[in-house]
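Residues per chain, in single letters:
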Number of protein chains: 2
Amino acid sequence: MDSAEHDTPLYLQLAQRLWAGIEQAAMAAGTRLPSVRTLAAQHGVSMSTALQALRWLETRGHIEARPRSGYFVAPRARRSKRASGVGEAKAGSAGRWSKPVPEIDAQARDHLAIAGAPTAVRLDLASAETSLYPVERFSVLLRRLAYQHRDLVGSHVRGTGYPALRAQIARQAMRYACELDPEELVVTNGCVEALNLALRAVARPGDVVAVESPTYFALLQMLRALEMRAYPIPCKPRTGIDVDALRQALDDGVPIKAVVTVANGNNPLGSVPSDAAKRSLVELLREHDVPLIEDDIFGDLCFGETRPRPVRAFDDAHGNVLLCGGFSKSLCPGLRLGWIAGGRFTERVKALKYTTSMATAELQQAAVAELLATGGYALHLRRLKAALKSQQHALREAVLRYFPEGTEVTDPLGGLVLWAKLPEIDGRMPSTRVLFEQARAEGISFTPGHLFGENGAFDDCLRLNAGNRWTSELEAAVRRLGELAGRTVVPI
Amino acid sequence: MDSAEHDTPLYLQLAQRLWAGIEQAAMAAGTRLPSVRTLAAQHGVSMSTALQALRWLETRGHIEARPRSGYFVAPRARRSKRASGVGEAKAGSAGRWSKPVPEIDAQARDHLAIAGAPTAVRLDLASAETSLYPVERFSVLLRRLAYQHRDLVGSHVRGTGYPALRAQIARQAMRYACELDPEELVVTNGCVEALNLALRAVARPGDVVAVESPTYFALLQMLRALEMRAYPIPCKPRTGIDVDALRQALDDGVPIKAVVTVANGNNPLGSVPSDAAKRSLVELLREHDVPLIEDDIFGDLCFGETRPRPVRAFDDAHGNVLLCGGFSKSLCPGLRLGWIAGGRFTERVKALKYTTSMATAELQQAAVAELLATGGYALHLRRLKAALKSQQHALREAVLRYFPEGTEVTDPLGGLVLWAKLPEIDGRMPSTRVLFEQARAEGISFTPGHLFGENGAFDDCLRLNAGNRWTSELEAAVRRLGELAGRTVVPI
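- Per an unreviewed UniProt entry, chain A carries the name PLP-dependent aminotransferase family protein and comes from Trinickia dinghuensis.
- Regarding chain A, the relevant UniProt record gives this comment under Sequence similarities (unreviewed entry): "In the C-terminal section; belongs to the class-I pyridoxal-phosphate-dependent aminotransferase family."

Now the structure itself:
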């Protein structure tokens, strides 16, 4: 993406400008704001950007939308009170920042449907193809374990994880100087369960949880299901979560109960914050006594020379970071194994694991433990990362070649996916919601951008999986997607 | 247990008598009730029974306990308003029926600790020993599948369950005329996850959920973790949940959002309701439009000639019953496989599964599917049930022989456990909480009764696992437990 992308996003700059104007002019509540079209023209931005700016102000309670009549300045009382207002909000009552409905977004469900029913060309998901994982190795390990350790199959499963696996997870973390206590580790059914337990350990229904914007769509669906409210913090394609914006929100008194970050190899942006940024994030949250939930599942898939350290590694002995990880991306998708290091929330996490799924099956835990113990993981990672890097390069080139001129696409520092932003066409805003349906009809799947945000943000973006080996078939699909994207616009 | 046990429990009879008295005498709020000792003497019951009656009235808001001064009649307003009062209650606010704290009960955690750290003699859990399961068969199946179907290990897991397994689950249910649609089935990480998804699909934080009393302790912990309130409905050792008591509660306007029943081979009582009782339960709940969550995990382990039908089988086409099952008790504990048929809540369940653990690993699903498809399950069940029946008989005889005179113990119609009630000793109430600590110190584990209820109910009861082959070592442990029980009393 161009360098501008590295600074505050355009829509945020505009939102801040608009807000400053409203404050300076001391506009009365109910004052009508200019239309999206007018704003776009006045400030020389796209209508999608103008709309995003308005929606951003709306999500913060500065302005209100009235059906068919536009945006209006919100009552001052509400603006100043907004923080406590949400703090007091009852679980389930419509939140200002996100509707905490225990329903999954309709299109997310369509997306699931696709995930369930394979399409011809899969550019959705964030997973490498089977041939890139040490499946042969696992096949041998599982066969031997199923033969030698019948108890792994036939015994009641107790405790919080297979001891040998917990020991290996702690040992692996030492590679990048992250100290984990095997006793604080709970093995989970994939990293998704780890995140779910982490959220429930530190926040309650109605609570506000700060998330990166854009962020992993399943996290937003999870927050809805838990009746928690997502508070978006801008995230940048190279440097990740905007710590200053988070500090601002905390200083503004936004009642943030927890922060979730996918720091290393961010999903969907592929960012990796500097160690300095990680340290300042830890210090900021410790200052405000707000726990951090870190999803490090892409940490082993970052392309740099040295494996980036999790934010947790900078937390010293405070236990304020709940570190979640897993093996579904880096080692073996089919085993559905994840883990969480609960820090000072470990007892809560263990209790919640017990009442959520009791315990995790041990056969596959033993297999992973043995693979990690007997070596070969480092070599596998080098190969996998090399493949992902070249596949991302090929995919990125194809997007730049076949997608409409002006399409921006990330150049990730890690992970499995690319994030692309479509340009306006004839001053009209593209919609990947619409593109999604069209592509789906032609057997091509991807993840539409609006799922990564709320209130319609990122509808002009899409996430593409770079986990597949580059083939002419894949290239043809990207070309076709680019053609469709060129026509996929919606009137405002 | 003696026949009296088959009617309304003594403490409930007393509670109802007391309440009638309070109403008739129109006792003013704040009127002090007689002491536990006096009540026991007046009504010719044990002090533990008198205490249970008072606590039962307290949980319903009829009376209030004041530290060190006894029980007092609650303000009328609160009593009459109690229904709507709870309906309106905010999530997390202290409930009248159960404290919805997201913390696990301290002693439940101790119990977990024991479950985690094996003791010499395990009478806790509800699981048969490994040798009683077809582990050999699974070892072979898993080895073949890991060899032949690498994709089961190396591919991203999609959808709501391995199709072949969902088909087999539906086929199995046909054996006892229970129609399940493979499309409504979601495979889960054990039956505990199924129950968790079911509760979240039909109820929200702050909601009241009716449960059997006594009931599976993990269910009560789960309700706490979900900030839901448990409303106890008496359950009987042979006939199960008291449908009349449930009808009464609904007619009283208790805002019950859902009912959970372990109908077949009830945990801990081993009851199996008649088909007529199941039908009336279904009709009652349909009448009141209250969904039923049925845990049928012990259904295949009932001792009768024919496999009892789940309550769900009597629901016809209404989809008002969410049926949960699993294979951890009947087929293979180590695989941690469960399932849920969501009925009319299927979409909610699928969405919640996605945001709770995304998908369940498929290798073990394929193994179970193949075992069910290739036969041998029926034969295995016959053998397992015969073993359980004889082990229960031996354990029951030993309890009657070695435990204090007057100890009552269930004669289960199915399942893996026995439920025993200790007698008073010298007019003093026994406490299995205390017994638990003493036994633990000697390397003997069991499940203390208070975990199966709330507000101190069932502290004079305990659950014993009959899943172990009967040995002299086991008999010695039961003898020792009986000796300890003879001395385990607490002053009131």
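**Focus: the sheet that holds strand β9 (residues 292-295) of chain A**
Residue and element names in this part refer to chain A.
Logical step 1: Here we have 8 strands laid out as an open sheet, ordered β4-β11-β10-β9-β8-β5-β6-β7, and mixed in their pairing. The sheet is open, and its two borders are formed by β4 (185-188) and β7 (240-241), each paired with just one other strand.
Logical step 2: The strands touched by helix α13 (residues 346-356) within the sheet are β4, β10 (321-326) and β11 (338-341), with β4 carrying the most contacts at an inclination of about 25°.

**Observations regarding the domain arrangement of chain A**
Residues and elements named next belong to chain A.
Logical step 1: Domain boundaries assigned for chain A yield domain 1 (3-92), domain 2 (106-131 + 379-485) and domain 3 (135-377).
Logical step 2: Placing a centre on the C-alpha atoms of domain 2 and another on those of domain 3 gives a separation of 25 Å.
Logical step 3: Listed by partner, the interface residues are 30 residues for domain 2 and 30 residues for domain 3.
Logical step 4: For the pair domain 2 and domain 3, the summed buried surface comes to about 2700 Å²; carbon and sulfur atoms form 63% of the total.

**Points about a negative patch on the surface**
Logical step 1: A grouping of A:Asp251, A:Glu283, A:Glu287 and A:Asp316 is seen on the molecular surface, where their side chains present a negatively charged patch.
Logical step 2: Within the secondary structure layout, A:Asp251 lies in helix α11 (residues 243-251).

**Section: the side chain of B:Thr407**
Residues and elements named next belong to chain B.
Logical step 1: Structurally, Thr407 is set in the loop between α15 (377-402) and β12 (408-409).
Logical step 2: Taking relative accessible area as the criterion, Thr407 reaches 9% and is therefore assigned buried.
Logical step 3: In this structure the side chain of Thr407 is engaged in a polar contact, spanning 2.6 Å, whose partner is the backbone oxygen of Pro404.

**With respect to the packing of α15(B) against helix α17 (residues 472-487) of chain B**
Between two packed helices, what matters for the description is the angle formed by their axes and the separation of those axes.
All names here are of chain B.
Logical step 1: Here α15 crosses α17 at 35°, and the two axes come no closer than 9 Å. The way α15 lies across α17 gives a crossing that is right-handed. Contact residues: α15 offers Leu395, Ala398, Val399, Arg401 and Tyr402, while α17 offers Glu475, Val478, Arg479, Gly482 and Glu483.
Logical step 2: Its residues assigned to classes, the contact of α15 with α17 comprises 5 nonpolar, 1 polar and 4 charged.

**Quick notes on the relation of the copies chain A and chain B**
Logical step 1: With an axial shift of 0.0 Å and an RMSD of 0.1 Å, the rotation relating chain A to chain B amounts to 180°. Accordingly, the operation relating the two chain copies is best matched by a two-fold axis. Residue A:Arg143 of chain A places its C-alpha closer to the rotation axis than any other residue of that unit, at 2.2 Å.
Logical step 2: Comparing contact sets, 100% of the residues at the interface of chain A also lie at the interface in chain B, consistent with an isologous, same-surface contact.

**Quick word on the sheet that holds β12(B)**
Residue and element names in this part refer to chain B.
Logical step 1: Taken in spatial order, the 4 strands of this open sheet run β12-β13-β17-β16, and their pairing is antiparallel. Where the open sheet ends on each side, the last strands, each with one partner, are β12 and β16 (447-448).
Logical step 2: Note that β16 and strand β17 (residues 461-465) share 2 bridges and pair antiparallel. In the sheet register, Thr447 faces β17, and the bridge partner there is Arg463.

**Observations concerning the interface of chain A and chain B**
Logical step 1: At the junction of the two partners, chain A supplies 68 residues and chain B supplies 68 residues.
Logical step 2: Summed over both sides, the interface between chain A and chain B buries roughly 5700 Å², with carbon and sulfur atoms accounting for 61% of that surface.
Logical step 3: For the interface between chain A and chain B, the tally reads 4 salt bridges.
Logical step 4: In this structure, A:Arg204 and B:Glu227 form a salt bridge, with 2.6 Å as the shortest nitrogen-oxygen distance.
Logical step 5: Linking chain A to chain B there are 18 residue pairs in polar contact (both at pLDDT 80 or more).
Logical step 6: Every element with two or more residues in the side of chain A that touches chain B is listed here: α5 (106-116), α6 (135-148), α7 (151-154), α9 (190-202), α10 (217-225), α13 and α14 (363-373) of chain A.
Logical step 7: Ranked by residues supplied to the side of chain A that touches chain B, first place goes to α6(A) with 8 residues.
Logical step 8: Per-class residue counts for the side of chain A that touches chain B are 34 nonpolar, 18 polar and 16 charged.

**Focus on the side chain of B:Ser328**
Logical step 1: Relative to the helices and strands, B:Ser328 is located in the loop between β10 (321-326) and β11 (338-341).
Logical step 2: Setting aside chain neighbours within four positions, we find B:Ser328 in contact with B:Tyr133, B:Pro333, B:Arg336 and B:Leu337.

**Considering the state of the cysteines**
Residues and elements named next belong to chain B.
Logical step 1: Taken as a whole and judged by the stated rule, the model has 0 disulfides over all chains.
Logical step 2: With no disulfide of its own, Cys178 lies 12 Å from the sulfur of Cys324, the closest cysteine sulfur.
Logical step 3: With no disulfide of its own, Cys302 lies closest to Cys235 among cysteine sulfurs, the gap being 13 Å.

**Focus on the packing of aromatic side chains**
Logical step 1: As enumerated under the stated definition, the model contains 10 aromatic pairs over all chains in all.
Logical step 2: Where A:Phe217 meets A:Phe452, the ring centres are 5.5 Å apart and the plane angle is 75°; that geometry is what we call edge-to-face. Pair noted here: A:Phe217 is in helix α10 and A:Phe452 is in the loop between β16 (447-448) and β17 (461-465), with a separation of 235 residues, a long-range link. As far as the burial class goes, A:Phe217 and A:Phe452 line up, both buried.
Logical step 3: Through a chain of ring-to-ring contacts, three or more aromatic side chains come together here, namely A:Tyr216, A:Phe217, A:Trp419, A:Phe452 and A:Phe458.
Logical step 4: When the ring centre of A:Tyr147 is taken as origin, the NZ or CZ atom of A:Arg150, which lies over that ring, is 5.0 Å away.
Logical step 5: The ring of B:Phe314 has B:Arg309 sitting right over it, with the charged end atom 4.7 Å from the ring centre.

**Some details on the nonpolar core**
Logical step 1: One finds A:Ile256, B:Phe138 and B:Ile256 to be the most contacted residues of the largest nonpolar core, which totals 232 residues.
Logical step 2: Every residue in contact with A:Ile256, bar those within four places of it in the chain, is listed here: A:Val208, A:Ala210, A:Tyr231, A:Leu246, A:Ala249, A:Leu250 and A:Val290.
Logical step 3: If you look at the next biggest cluster of nonpolar residues, it comprises 25 residues, including A:Leu123, A:Val399, A:Leu422 and A:Phe446.

**Let's talk about unusual backbone geometry**
Logical step 1: Here the amide bond leading from A:Ser213 into A:Pro214 is cis, since omega sits at 5°, within 30 degrees of zero.
Logical step 2: With respect to the secondary-structure elements, A:Pro214 resides in the loop between β5 (208-213) and α10.
Logical step 3: Cis geometry is adopted by the peptide bond preceding B:Pro268, which originates at B:Asn267 and carries an omega value of 15°.
Logical step 4: The topology assignment puts B:Pro268 in the loop between β8 (256-261) and α12 (275-287).
Logical step 5: In this structure, B:Asp289 is a non-glycine residue whose phi angle is positive, near 50°.
Logical step 6: In this fold, B:Asp289 is placed in the loop between α12 and β9 (292-295).
Logical step 7: Even without being glycine, B:Phe458 reaches a positive phi, approximately 65°.
Logical step 8: Among the secondary structure elements, B:Phe458 is positioned in the loop between β16 and β17.
Logical step 9: A relative accessible area of 7% places B:Phe458 in the buried class.

**A look at the environment of A:Gly21**
Logical step 1: Here A:Gly21 shows up in helix α1 (residues 10-24).
Logical step 2: Sequence spacing of A:Gly21 and A:Ser139 is 118 residues, and the spatial spacing of their C-alpha atoms is 64 Å.

**Brief notes about α12(B)**
Because an α-helix packs 3.6 residues into every turn, residues spaced three or four apart end up facing the same way.
Residue and element names in this part refer to chain B.
Logical step 1: Taking 1.5 Å of rise per residue, 13 residues should cover 18 Å, and α12 covers 18 Å from first to last C-alpha, within 8% of that figure.
Logical step 2: All of the buried residues in α12 are Lys278, Leu281, Val282, Leu284 and Leu285. Viewed along the axis of α12, the buried residues span an arc of 165°, placing them on a single side of the element. Facing away from the buried side of α12 by more than 90 degrees, the exposed set consists of Ala276 and Glu287.

**Let's talk about the pairing of β17(B)**
All names here are of chain B.
Logical step 1: Counted residue by residue, β17 has 5 buried out of 5 residues, so it is predominantly covered.
Logical step 2: What you see with β17 is no split at all: Cys461, Arg463 and Asn465 on one side and Leu462 and Leu464 on the other are buried throughout.
Logical step 3: Sheet topology note: the strand β13 (residues 417-421)/β17 ladder contains 5 bridges and is antiparallel. The residue of β17 that forms the bridge with Val417 is Asn465.

**Some details on the pattern of salt bridges**
Logical step 1: Within this structure, the stated rule accounts for 44 salt bridges over all chains.
Logical step 2: A:Glu483 is the salt-bridge partner of A:Arg480, the closest N and O atoms lying 2.9 Å from each other. Of this pair, A:Arg480 and A:Glu483 are both found in helix α17 (residues 472-487), 3 residues apart, which corresponds to roughly one turn of the helix.
Logical step 3: Given a relative accessible area of 23%, A:Arg480 falls into the partly exposed group.
Logical step 4: A:Glu483 sits in the partly exposed class, given a relative accessible area of 39%.
Logical step 5: With a shortest N-O distance of 2.7 Å, B:Asp300 and B:Arg307 are connected by a salt bridge. Comparing B:Asp300 with B:Arg307 shows no difference in burial state: the two are buried.

Cut-off values and rules
Residue numbers run consecutively from 1 along every chain, following the written order of its sequence. In the order they appear in the text, chains get letters beginning with A and ligands get numbers beginning with 1. With pLDDT at 70 or above as the cut-off, local features in this predicted model cover only qualifying residues; side-chain atom pairs require 80 or more to be listed or tallied, and sums for whole chains, interfaces and linings still use all residues. As a convention, hydrogens and water are excluded, and side-chain values are obtained from all of the structure's heavy atoms. UniProt positions are given in the numbering used here, feature names are shortened, and annotations may be inferred rather than shown by experiment. The pairing criterion is simple: DSSP has to find at least two bridges between the two strands. By the criteria applied, helices consist of DSSP H or I runs no shorter than four residues and strands consist of E runs no shorter than two, each listed in order from the N terminus. In what follows, a contact means two residues having at least one pair of non-hydrogen atoms within 4.5 Å. A fitted line through C-alpha atoms serves as each axis, taken over the contacting stretch for helices, and the angle formed by two N-to-C directions is quoted from 0 to 180°. Marked domain ranges trace back to an automatic or database domain assignment. Buried area counts how much accessible surface, traced with a 1.4 Å probe, disappears from two parts once they are put together, with both parts' losses summed. Here, patches come from residues exposed beyond 30% relative accessible area and free of salt bridges, joined within 9 Å for like charges and within 5 Å for nonpolar side chains (Val, Leu, Ile, Met, Phe, Trp, Tyr). In short, Shrake-Rupley with a 1.4 Å probe defines the accessible areas, and a residue's cover is counted only from the protein chains shown. In the sections that follow, a salt bridge refers to a side-chain nitrogen of Lys or Arg positioned within 4 Å of a carboxyl oxygen of Asp or Glu. For the charge count, each Lys or Arg is scored as positive and each Asp or Glu as negative, with His and the chain ends excluded. Each charge is placed at NZ for Lys, CZ for Arg, CG for Asp and CD for Glu. Categorising residues by exposure relies on relative accessible area from a 1.4 Å probe, with only protein chains included: less than 20% of the type maximum marks a residue as buried, more than 50% marks it as exposed, and the intermediate range marks it as partly exposed. Whenever a nitrogen or oxygen atom comes within 3.5 Å of another N or O atom, the pair is scored as a polar contact, on the condition that within protein one atom can donate a hydrogen and the other can accept it, and that pairs from neighbouring residues in sequence are kept only if both atoms are in side chains. For any helix crossing, the convention is left-handed if the near helix is rotated counterclockwise from the far helix by under a right angle, and right-handed if that rotation is clockwise. Side-chain classes follow a simple rule in which Ala, Val, Leu, Ile, Met, Phe, Trp, Tyr, Cys and Pro form the nonpolar group, Asp, Glu, Lys and Arg form the charged group, and the remainder, Gly included, forms the polar group. In this comparison the copies share one frame, found by least squares on the C-alpha atoms of residues holding pLDDT of at least 70 in both. Cysteine sulfur atoms that come within 2.5 Å of each other are treated as a disulfide pair. In this scheme Phe, Tyr and Trp rings, the latter by its six-membered ring, pair at centre separations within 6.5 Å, and the angle between planes marks the pair as stacked below 30 degrees, edge-to-face above 60, and tilted otherwise. Charge over a ring is defined by NZ of Lys or CZ of Arg lying within 6 Å of the ring centre and within 35 degrees of the ring normal. Here, nonpolar core refers to any group of buried Ala, Val, Leu, Ile, Met, Phe, Trp, Tyr and Cys residues whose side-chain atoms link them within 4.5 Å. Under the convention used throughout, the expected extent of a helix is 1.5 Å for every residue step, that is, one less than its residue count. Directions drawn from the helix axis to the C-beta atoms are what define this arc.

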